[in-house]
Amino acid sequence: SERRSRGRGVGCQYAVGLLTTVLLGELLLRSLGFGQPVLYVTDARFGYYPAPNQHTRRYGGVVTTNQFGMRAPDYTPDKPEGSFRVLMIGDSTLWGGSYVDQSELYARRVEQSLEPLHAEQRVQVLNIGVNGWGPFNKLGYVRTFGTFGADLVIVCLPHWDVARKAHGPERGVFYDSDSPPHFAIEEILIHYIWKYRVRMMGRESDASRAWQTQRGIDLYVELSDVLEEEGAEVLVEVLPSRSAGVQGEATAREKETVDRLSRAMAARGLS
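This one's a predicted model, so the numbers in the text were calculated from it and none came from an experiment.

(A) Quick peek at helix H6 (residues 206–229). Compared with the 34 Å implied by 1.5 Å per residue over 24 residues, the 35 Å span of H6 between its first and last C-alpha is a close match. Buried within H6 are the following residues: Gln212, Thr213, Gly216, Ile217, Leu219, Tyr220, Val221, Leu223, Ser224, Asp225, Val226 and Leu227. Along its buried surface, H6 packs onto helix H4 (135–145), strand S7 (152–158), strand S9 (233–239) and helix H8 (252–267). A positive phi of about 90° marks Gly231, the residue just after H6.

(B) Main features of H4. Taken residue by residue, H4 has Pro135, Asn137, Lys138, Leu139, Gly140, Tyr141 and Val142 as its buried positions. Residues of H4 that are buried make contact with strand S2 (47–50), strand S5 (83–90), strand S6 (122–129), S7 and H6. At the C-terminal side of H4, Gly146 shows a positive phi close to 80°.

(C) Seen up close, the pairing of strand S1 (residues 39–43). Alignment of S1 against strand S8 (residues 175–176), held across two bridges, turns out to be parallel. Residue pairing for S8: Leu39 is matched across the bridge by Tyr175. The pairing of S1 with S2 spans four bridges and is classified as antiparallel. In the sheet register, Thr42 faces S2, and the bridge partner there is Tyr48. Where S1 hands over to S2, the hairpin turn is made up of three residues, counted between the paired strands.

(D) Fine view of the packing of H4 against H6. For the pair H4 and H6, interaxial distance at closest approach is 9 Å and the crossing angle is 20°. By the angle class used here, H4 and H6 are roughly parallel. H4 and H6 meet at a crossing whose hand is left-handed. Facing Pro135, Phe136, Lys138, Leu139, Val142 and Arg143 of H4, the residues of H6 in contact are Gly216, Leu219, Tyr220, Glu222, Leu223, Val226 and Leu227.

(E) Structural detail: the packing of aromatic side chains. As enumerated under the stated definition, the model contains 13 aromatic pairs in all. Relative to Phe148, the ring of Phe68 lies with its centre 4.8 Å away and its plane at 65°, an arrangement referred to as edge-to-face. You can see Phe68 sitting in the loop between strand S4 (61–64) and S5 and its partner Phe148 sitting in the loop between H4 and S7, a full 80 residues away along the chain. You can call Phe68 buried: its relative accessible area is 11%. For Phe148, a relative accessible area of 5% translates into the label buried.

(F) Main features of the sheet that holds S9. The strand order S6-S5-S7-S9 describes an open sheet built from four strands, whose pairing is parallel. Only two strands of the sheet have a single neighbouring strand rather than two, namely S6 and S9. On average, each strand axis in the sheet is tilted by 20° relative to the strand beside it, whichever way the strands run. Helix H3 (residues 106–114) rests against S5, S6, S7 and S9 of the sheet, and its axis sits at about 170° to S6. Its contacts with the sheet place H4 against S5, S6 and S7, and it is angled at close to 145° to S5.

(G) Structural view of the nonpolar core. Core analysis: the largest hydrophobic core is formed by 40 residues, its most contacted members being Met70, Trp133, Tyr141 and Val155. Within the residue set of this core, elements represented by two or more residues are S2, S5, S6, H4, S7, H6, S9 and H8. Sorting elements by how many residues they give to this core places H6 first, with seven residues. The residues contacting Tyr141, other than those within four sequence positions of it, are Phe46, Tyr49, Phe68, Met70, Ile128, Trp133, Gly146 and Phe148.

(H) Focus on the sheet that holds S1. Judged by pairing direction, the sheet is mixed, and its three strands sit side by side in the order S2-S1-S8 without closing on themselves. At either margin of the open sheet sits one strand with a lone partner, and together these are S2 and S8.

Rules used in this analysis
- Residues numbered from 1 in each chain as written.
- Predicted model: local features only at pLDDT ≥ 70, side-chain atom pairs only at ≥ 80, totals over all residues.
- Heavy atoms only, no water.
- Helix = DSSP H or I, 4+ residues; strand = E, 2+ residues; numbered from the N terminus.
- Expected span 1.5 Å × (residues − 1).
- Buried < 20%, exposed > 50% of the residue type's maximum accessible area, 1.4 Å probe, protein only.
- Contact = heavy atoms within 4.5 Å.
- Pairing = 2+ DSSP bridges.
- Axes fitted to C-alpha atoms, helices over the stretch in contact; angles between N-to-C directions.
- Parallel < 35°, antiparallel > 145°, perpendicular 65-115°, else oblique.
- Left-handed = near helix turned anticlockwise from the far one by under 90°.
- Phe/Tyr/Trp six-rings, centres within 6.5 Å; stacked < 30°, edge-to-face > 60°.
- Core = buried A, V, L, I, M, F, W, Y, C linked by side-chain atoms within 4.5 Å.

Structure (structure tokens):
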């Protein structure tokens with residue numbers, strides 16, 4: 001009986017130690033912003049977008065979304081009289097990531113820079129950028145919500161966005177607004193499970209990527225057509241890759257994709 005009693009005591013010590021470690025880990029992760037991730041809404045018309053009216057702090061940066069899922073002030077649907085509106089639409093580069101504070105997003109900085117130059121006309125910069133978005137998502141969002149009366153629309157994309165497939169949040173680390181994680185540790189586990197799943201999916205075939213690239217170019221041209229039909233001036237901004245931006249030399253694939261997109265846009269009189 002003495003041995004059994006000692007065994008139970010050791011087991012209890014291990015259990016208490018494990019529980020204490022888990023609790024300390026949970027508290028540490030929550031202090032870094034985990035456990036309260038940005039939540040997303042699934043929408044069949046354009047895949048997914050950030051759930052409206054969120055406010056959370058992640059890794060030291062504040063993330064706030066307005067009624068349209070934009071990481072921007074809560075602008076009205078219609079452009080105020082006497083103002084000039086810019087709509088920026090893109091992917092994670094425009095979203096900024098949770099490491100970037102709301103005030104440091106380049107859409108917000110553009111707005112701050114333009115305000116002093118247009119004292120007689122208020123400038124508003126609306127921005128909808130979402131992690132993983134490609135041409136299907138951007139076109140679907142515009143068809144659903146419109147252009148908000150924008151005078152100028154800037155379509156932002158890295159060259160690899162052209163080949164992104166139409167998909168919902170199931171292919172990325174996204175947390176649905178209807179089923180958010182309850183614990184910070186749960187969020188971390190989901191993240192690593194996603195990374196493992198992506199690695200197991202394997203590499204996309206060259207034929208599939210080539211088809212998707214052409215499809216993406218067609219969708220970007222269609223998006224530009226829709227924006228112009230809404231009365232907006234359209235600019236397509238292709239962001240340089242790390243190789244092109246840091247080393248000054250774009251990869252062969254980047255050059256080819258940008259050239260094909262440019263020629264397709266030029267054929268429709270777009271820039």
